[in-house]
Amino acid sequence: MPSDPFFHPVSGFDLPRFAGVPTFMRLPQVTPDHPRFAEVEIGLVGVPWDSGTTNRPGPRHGPRQLRDASTMIRAQHATTGMRPFEAAHCADLGDVGPNPADIADTMTRITAFYDGLVAKGIRPLTAGGDHLTSLPVLRALAKPGPLGMIHFDSHTDLFKSYFGGTLYTHGTPFRRAVEERLLDPKRVIQIGIRGTMYDTEDRDFARANGIRIVTIEELFQRGIPEVMQEAREVVGTRPCYVSYDIDFVDPAFAPGTGTPEVGGPNSFQALQVCRELAGLDIVGADLVEVSPPFDASGGTAFLGVSVMFELLCAMLAQ
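The structure presented is a predicted model; accordingly, all values stated were derived computationally and were not measured.

Caption draft 1: Highlighting the environment of P293. Locating P293 in the fold gives a position in the loop between β8 (282-288) and α10 (299-316). For P293, a relative accessible area of 52% corresponds to the exposed category. When near neighbours in sequence (up to four residues on either side) are disregarded, P293 contacts P57, G58 and H61.

Caption draft 2: Structural context of the sheet that holds strand β5 (residues 183-193). The strand order across the open sheet built from eight strands is β2-β1-β3-β8-β7-β4-β5-β6, with neighbouring strands paired in parallel fashion. Looking along the sheet, the strands with just one partner apiece sit at the ends: β2 (90-95) and β6 (212-215). Each strand axis lies, on average, 15° off the axis of its neighbour in the sheet, ignoring direction. Direction of pairing for strand β3 (residues 123-128) relative to β8: parallel, over a ladder of three bridges. Note on β8: the bridge partner recorded for A127 is L287. Most of the contacts of helix α3 (residues 103-119) go to strand β1 (residues 42-47), to which it runs at about 170°, and overall it touches β1, β2 and β3.

Caption draft 3: Just the side chain of E310, in detail. By secondary structure assignment, the location of E310 is in helix α10. The contacts of E310, once residues within four sequence positions are left out, are H77, L271, C274 and R275.

Caption draft 4: The nonpolar core, seen in detail. M25, I150, F152, I191, Y244, L277 and L311 are the most contacted members of the largest nonpolar core, which has 57 residues in total. Among the elements that make up this core, the one with the highest residue count is α10 (twelve residues). Ignoring sequence-local partners within four residues, the contact set of I191 consists of I150, H151, F152, D153, V214, L219, V227, M228, A231 and F248. Grouped together as the second largest cluster of nonpolar side chains are 39 residues, A91, A140, F174 and L182 included.

Caption draft 5: How the structure looks around the packing of α3 against helix α4 (residues 134-141). With their axes 8 Å apart at the nearest point, α3 and α4 run at an angle of 40° to one another. Crossing geometry of α3 relative to α4 is assigned as right-handed. Across the interface between the two elements, M107, I110, T111, Y114, D115 and V118 of α3 pack against L135, P136, V137, R139, A140 and L141 of α4. Here the residues of the contact of α3 with α4 sort into nine nonpolar, one polar and two charged.

Caption draft 6: Structural detail: the side chain of D153. Structurally, D153 can be placed in the loop between β4 (147-152) and α5 (173-179). We note that D153 is buried and unpaired, the nearest opposite charge coming from R194 at a distance of 7.1 Å. Looking at D153, its side chain comes within polar contact range of the side chain of H151, at 2.8 Å.

Caption draft 7: Local environment of the pattern of salt bridges. Applying the stated criterion across every chain, the model contains 19 salt bridges. One salt bridge connects R176 with E179, and the closest N-O pair in it is separated by 2.9 Å. In this pair, R176 and E179 are both assigned in helix α5, three residues apart and thus about one turn of the helix distant. Taking the relative accessible area as the measure of exposure, R176 reaches 3% and is therefore buried. Overlapping salt bridges bring together R212, E218, R222, E226 and E230 as one network.

Conventions adopted
- The written sequence of each chain sets the order in which its residues are numbered from 1.
- It should be noted that, the model being predicted, local features are given only for residues of pLDDT at least 70 and side-chain atom pairs only at 80 or more, the latter also being counted only at that level, while totals for whole chains, interfaces and linings use all residues.
- Side-chain calculation: all heavy atoms of the structure are included, whereas hydrogens and water are not.
- Numbered from the N terminus, helices here are DSSP runs of H or I no shorter than four residues, and strands are runs of E no shorter than two.
- Residue exposure (1.4 Å probe, protein chains only): buried if accessible area is under 20% of the type maximum, exposed if over 50%, otherwise partly exposed.
- Two residues form a contact once any of their heavy atoms are found within 4.5 Å.
- Only when DSSP finds a minimum of two bridges between them are two strands counted as paired.
- Note on method: axes are straight lines fitted to C-alpha atoms, helices fitted across the in-contact stretch only, with angles between N-to-C directions ranging 0 to 180 degrees.
- The term nonpolar core refers to a set of buried residues drawn from Ala, Val, Leu, Ile, Met, Phe, Trp, Tyr and Cys, joined through side-chain atoms within 4.5 Å.
- Left-handed describes a crossing whose near helix is turned anticlockwise from the far helix by less than a right angle; the clockwise case is right-handed.
- We call Asp, Glu, Lys and Arg charged. Ala, Val, Leu, Ile, Met, Phe, Trp, Tyr, Cys and Pro are nonpolar, and the rest, Gly among them, are polar.
- Counting rule for charge: Lys and Arg are taken as positive, Asp and Glu as negative, and neither His nor the chain ends is counted.
- Salt bridge, as applied in this entry: a Lys or Arg side-chain nitrogen positioned within 4 Å of an Asp or Glu carboxyl oxygen.
- Polar contacts, as used here, are pairs of N or O atoms within 3.5 Å; protein pairs need one atom able to donate a hydrogen and one able to accept it. Residues neighboring in sequence count only if both atoms are side-chain atoms.

Okay, structure coming up:
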């Protein structure tokens, strides 16, 4: 059957890419009160929030810049030939409205928004926001049971707390997610981990709970295809989540982020890891930590939305 033109992005042949109100990938904006909301299959959502940031703030501005950069995304994947906007009804569902003065209230708002998506059978592709964003999203998606996760990052985000007992920061979301049984730790793999360390607390927690950590050295030594084959084996055929921190990428290619770490993948490798996700049962994914105040050229946001396009294609690949 022909796909529904309503859910197709605006073509650059019909309206110049610098014109019009920017939405994710030039898709229609379909908010929860829209008459066609229930027809959406994959919803792109902004979470403009960075109250979990412990050093350089700015990812609260990420979704807006990502939307603007995404006007350059076209309809077809150049390598696989996939046309994701014909494979599923995709739409920009707008932003979750945060409470910038209250972390707990914002997380409640995020989970409630995603509960609404789950109720309609909509799979979310999220633009953060700092990495604490993933926790309230997982609280909605994991209600049927713990998920597996493939996590691209330079940090594990598995710390117990910051500043003597603060439990909710962008360095703790996946520790909380394991404790809350949102993630099955034996079906979690973290790829690209590097940088100087406070201590080994996070890695000790991973080891004790069966979380697989692939350091950047191992990734480069073994190569992306082999590591990603292991990732596929770790999560298996059951539902999984994909979380992609833009600081997975070397700051030479993605400087606009809160906690950059040198020695990471280049921009092609940033896309390549996503292409190895095709066929997995991905119930949701996110791209987080794009920080426009540190992204003077806009290149980090463009790489970020290019990653989002790759994740979208992976979510739809059979």
